[in-house]
Amino acid sequence: EPEVTQTPSHQVTQMGQEVILRCVPISNHLYFYWYRQILGQKVEFLVSFYNNEISEKSEIFDDQFSVERPDGSNFTLKIRSTKLEDSAMYFCASSEYRMNTEAFFGQGTRLTVV
Amino acid sequence: GNSVTQMEGPVTLSEEAFLTINCTYTATGYPSLFWYVQYPGEGLQLLLKATKADDKGSNKGFEATYRKETTSFHLEKGSVQVSDSAVYFCALSAKETSGSRLTFGEGTQLTVNP
C-alpha cells in the first residue's frame, strides 16, 4: 500500500540552526501539505503546495519557513533559524486531488529545539 | 474562521463498550467533515468522511453522521476493541473559506481495556 514517508523520525537541533524536514509523498499525488502539532495542542495547517508553488499558507508560515520540491519525489520543509517554540511534531501529507479526497499523512518528524 | 471542538479526553472504556466522541464545528459555507485516527507511533489515517448534510461516514465499525442543524459530526462505535486504542481527530475542510486545508479538533485519546 502506498504511503507517505518522512525522515528523520526525530531531529534535535540547537536554537538558531537551520533544519530541513523531508517527505516523500505518494507518487501520483499532486497536492502536498505540511502540518504541525505542538505537544498538547491541535494539529495546525502550515502550507499547501501544488504545481511547484505554494497554494495556501497559514499565519504560522512566516519568512523563516520555506518549502521545496527539489526533484520528482521529495518535498521538504526548511526552518531557517529555529526557535524553542518550533519544537513540535511535523506531519507531511499528500492528496491526489484538492477537495473532498483523502489526505494521506506521514508518521511525522518530532523536532526538538534546545 | 473555521474551528472544530471535540469532547475533552482522555476516554477510557472496557472492551465491548459503546463509544461516542463528540465533535462540533463552526464554518462558513459547506464543509466536508472527517475523522482521522492516530495509532501509537504512526501518522494520521483517515477513518471516515462525509461531504454533505445527512451523509453518514462509516468504516471499521465506526460511524458518524453529518448534522448541519446541530453542526455536529459525532463518532460512534457499538463495541470497542483493545485495538481501537488511539487518538481520534475530528477535522473539516471548507473550500469556500480555507481552500484544501484541514482544520483539526484537539484530539481525543481513547484507551480500551480488556
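Residues numbered from 1 in each chain as written. Chains lettered and ligands numbered in written order. Predicted model: local features only at pLDDT ≥ 70, side-chain atom pairs only at ≥ 80, totals over all residues. Heavy atoms only, no water.

Asks: Describe the packing of aromatic side chains, listing the residues and the values that go with them.
Replies: Under the criterion given, the structure shown has 17 aromatic pairs over all chains. Taken together, a centroid distance of 6.1 Å and an interplanar angle of 80° make the contact between A:F105 and B:F104 edge-to-face. One end of the pair, A:F105, is in strand β10 (residues 104–105); the other, B:F104, is in strand β11 (residues 103–104), on a second chain. Both residues of the pair, A:F105 and B:F104, count as buried. Both rings, one in B:Y25 and one in B:Y66, keep their centres 6.1 Å apart while their planes meet at 75°; by these two values the pair is edge-to-face. Within this pair, whereas B:Y25 is found in strand β4 (residues 23–26), its partner B:Y66 is found in the loop between β8 (62–65) and β9 (75–77), the two being separated by 41 residues in sequence. In terms of burial, B:Y25 and B:Y66 fall into one category: buried. Members of the aromatic cluster, connected to one another through ring pairs, are A:Y33, A:Y35, A:F45, A:F91, A:F105, B:F34, B:Y36, B:F89 and B:F104. (Phe/Tyr/Trp six-rings, centres within 6.5 Å; stacked < 30°, edge-to-face > 60°. Helix = DSSP H or I, 4+ residues; strand = E, 2+ residues; numbered from the N terminus. Buried < 20%, exposed > 50% of the residue type's maximum accessible area, 1.4 Å probe, protein only.)

Asks: Pulling in residues and values, what's your account of the environment of A:V47?
Replies: Residues and elements named next belong to chain A. Mapping V47 onto the fold places it in strand β5 (residues 43–50). Spatially, the C-alpha atom of V47 lies 5.5 Å from that of W34, the residues being 13 residues apart in sequence. When neighbours within four sequence positions are excluded, V47 is seen to be in contact with F32, Y33, W34, I54, E56, K57, F61 and V67. (Contact = heavy atoms within 4.5 Å.)

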